[in-house]
Amino acid sequence: MQSIASDRPARIQWDAMTTVAVLGSRYPNFSIEQEIIGDVEIVSAPGKTADEIVEVAGSAEIIIAGSLPKFTAEVIPRLPALRAIVRAGIGVDNIDLDAAKAAGISVCNVPDYGTEAVAQHTLAMSLAALRRLGEADRIVREGGWGFDPLRPIHVPGEMTAGVVGFGRIGRRVAGLLLLVGFGRLLAHDPFAEPDAHGVEPATLEEVLSASDLVCLHAPAPPDRPLVGAAELALMKPGSVLVNTSRGALIDDTALATALATGTPKVAALDVFTPEPPDLSIFDGVTDRLLLSPHMAWYTEESQTEMRRKSATEASRFLDGVPFNNPIVTPEVPR
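No experiment lies behind these values; they were computed from the predicted model shown. (Residues numbered from 1 in each chain as written. Predicted model: local features only at pLDDT ≥ 70, side-chain atom pairs only at ≥ 80, totals over all residues. Heavy atoms only, no water.)

(A) Region of interest: the sheet that holds strand 2 (residues 41-45). Read across the sheet, six strands follow the order 2-1-3-4-5-13 without closing on themselves; strand pairing throughout is mixed. Each edge of the open sheet is held by one strand with a lone partner, namely strand 2 and strand 13 (326-328). For this sheet, the mean angle separating the axes of adjacent strands, direction not counted, is 20°. By the bridge criterion, five bridges tie strand 1 (residues 19-23) to strand 2 in an arrangement that is parallel. From the neighbouring strand, Leu23 faces strand 2, where its bridge partner is Ala45. (Pairing = 2+ DSSP bridges. Helix = DSSP H or I, 4+ residues; strand = E, 2+ residues; numbered from the N terminus. Axes fitted to C-alpha atoms, helices over the stretch in contact; angles between N-to-C directions.)

Rendered as structure tokens:
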């Protein structure tokens, strides 16, 4: 097998019997992972349940995990060989980090892939929602005609857009919104004040109350949704809320109530809690939803980038090299 680098240190404690589990993927094969990690056994499963995770990955030293498998405090002790979890993505909501640290399990993520894909998906959902394309599609499919039910629709130049979270993705979304020509662009970031040209720093309350379009790109708070009933009540009538970041950012019950009042008028959602979502909570307002199945990150190119970076992290761990993006580094590794 081709190794990741010709000067890679010898793997004294690892050999062809080493098992790497890839959970939560739909790849047709693991040629990318095998090329980078080398001569190890690779096993795979969706990892939808705790029993499935344990059955498939019970002897794995490393798990490369998508967003679906849940590594809870109950599951982690059932994986006695596990030494590291590589989260093939940004969020680590599906991993009990305290339990991993206590068990001596290292954890890392891959935060720097798919930026353009997520930003473009956010823009696509934003413009589709503002143009009421989902509702327009239903009108025609149901035998209707005309756009009176869709009024009012405005050009971006007459609207204010707001971005919550101004990291790598939020900054790129802001750039795309400026290119589209929104008349005003506000941004809020709880960790750093936005400093991009053409972007006005604002509080969360200012973003919500002044924006016709609000795009969420922030990490999920640990204790409560960032956008609950009080925050939704600040939004403008007829506005649009877009979430391609974390399902836990929004209180879904409060959102269903707010959609019924038209503040916001449309919610465009790519992420949910749980996934797949229970949409029964939105009964009566489903016509005000624009939905996609946690695919904002996906293009063939971004998927390849994510796989290569995830496999590289696994390879680094096997070689005794620190992760590029460590999340948990136990004092006493397993």
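Here the narrative resumes, following the displayed structure.
(B) Quick look at the packing of aromatic side chains. All chains considered together, the criterion is met by four aromatic pairs. Taken together, a centroid distance of 6.2 Å and an interplanar angle of 65° make the contact between Tyr113 and Trp297 edge-to-face. Residue Tyr113 is found in the loop between strand 5 (106-109) and helix 4 (115-130), and its partner Trp297 is found in the loop between strand 12 (289-291) and helix 10 (300-318); the two are separated by 184 residues along the sequence. On the numbers, 5.8 Å between centres and 80° between planes, the contact of Trp297 with Tyr298 is edge-to-face. (Phe/Tyr/Trp six-rings, centres within 6.5 Å; stacked < 30°, edge-to-face > 60°.)

(C) Quick peek at helix 10. Counted at 1.5 Å a residue, the expected span for helix 10 with its 19 residues is 27 Å, and the 27 Å between its end C-alpha atoms agrees. Those residues of helix 10 that fall on the buried side of the exposure criterion are Ser302, Gln303, Met306, Arg307, Ser310, Ala311, Glu313, Ala314, Ser315, Phe317 and Leu318. At its buried positions, helix 10 is contacted by helix 1 (31-37), strand 3 (62-65), strand 4 (84-87), strand 5 and helix 4. Immediately downstream of helix 10, the backbone of Gly320 shows phi near 75°, a positive value. (Expected span 1.5 Å × (residues − 1). Buried < 20%, exposed > 50% of the residue type's maximum accessible area, 1.4 Å probe, protein only. Contact = heavy atoms within 4.5 Å.)

(D) Fine view of the packing of helix 4 against helix 6 (residues 168-180). It is the contact of helix 4 with helix 6, at a shortest axis distance of 9 Å, that shows an interaxial angle of 45°. With respect to each other, helix 4 and helix 6 are oriented oblique. The element helix 4 and its partner helix 6 pack so that their crossing is right-handed. Taken together, the residues of helix 6 that come into contact with helix 4 (itself represented by Thr115, Glu116, Val118, Ala119, Gln120, Thr122, Leu123 and Leu127) are Arg168, Ile169, Arg172, Val173, Leu176, Leu177 and Val180. In terms of residue class, the contact of helix 4 with helix 6 is made up of nine nonpolar, three polar and three charged. (Parallel < 35°, antiparallel > 145°, perpendicular 65-115°, else oblique. Left-handed = near helix turned anticlockwise from the far one by under 90°. Nonpolar A, V, L, I, M, F, W, Y, C, P; charged D, E, K, R; others polar.)

(E) Representation of the pattern of salt bridges in the model. One pass over the structure, following the stated rule, counts 13 salt bridges. Asp137 is the partner of Arg141 in a salt bridge, and the nearest nitrogen-oxygen pair spans 2.7 Å. On the criterion of helical spacing, the pair formed by Arg141 and Asp137 is a turn pair, its members being four residues apart in helix 5 (residues 133-141). Classification of Asp137 by relative accessible area gives partly exposed; the value is 37%. Two residues, Asp148 and Arg151, come together in a salt bridge whose shortest N-O distance is 2.8 Å. Exposure class is identical for Asp148 and Arg151. Each is exposed. Several salt bridges share partner residues, and in doing so they unite Asp112, Glu305 and Lys309 into one network. (Salt bridge = Lys/Arg side-chain N within 4 Å of Asp/Glu carboxyl O.)

(F) Geometry of helix 6. Under the 1.5 Å per step criterion, the end-to-end length of helix 6 is 19 Å for 13 residues, consistent within 8% with the ideal 18 Å. Elements that come into contact with the buried residues of helix 6 comprise helix 4, strand 6 (160-164), strand 7 (184-188) and strand 9 (213-216). One or two residues past the end of helix 6 sits Gly181, with phi positive at roughly 105°.

(G) The sheet that holds strand 9, seen in detail. Here we have seven strands laid out as an open sheet, ordered 8-7-6-9-10-11-12, and parallel in their pairing. Among the strands making up the open sheet, the edge pair consists of strand 8 (200-201) and strand 12. As paired elements, strand 10 (residues 240-243) and strand 11 (residues 266-269) share four bridges and run parallel to each other. Looking at strand 11, one finds that Val240 is bridged to Val266.

(H) Structural view of the nonpolar core. Ranked by internal contacts, the top residues of the largest apolar core, which has 27 residues, are Val164, Val214, Leu216, Leu232, Leu241, Ile250 and Leu255. Residue assignment for this core shows that the elements contributing at least two residues are helix 7 (204-210), strand 9, helix 9 (252-261) and strand 11. If you tally residues by element for this core, the top one is helix 9, at five residues. With near-sequence residues (within four places) excluded, Leu232 lies in contact with Val227, Leu241, Ala254, Leu255, Ala258, Thr263 and Pro264. (Core = buried A, V, L, I, M, F, W, Y, C linked by side-chain atoms within 4.5 Å.)

The quantities given are spatial measurements derived from coordinates; they are silent on function.
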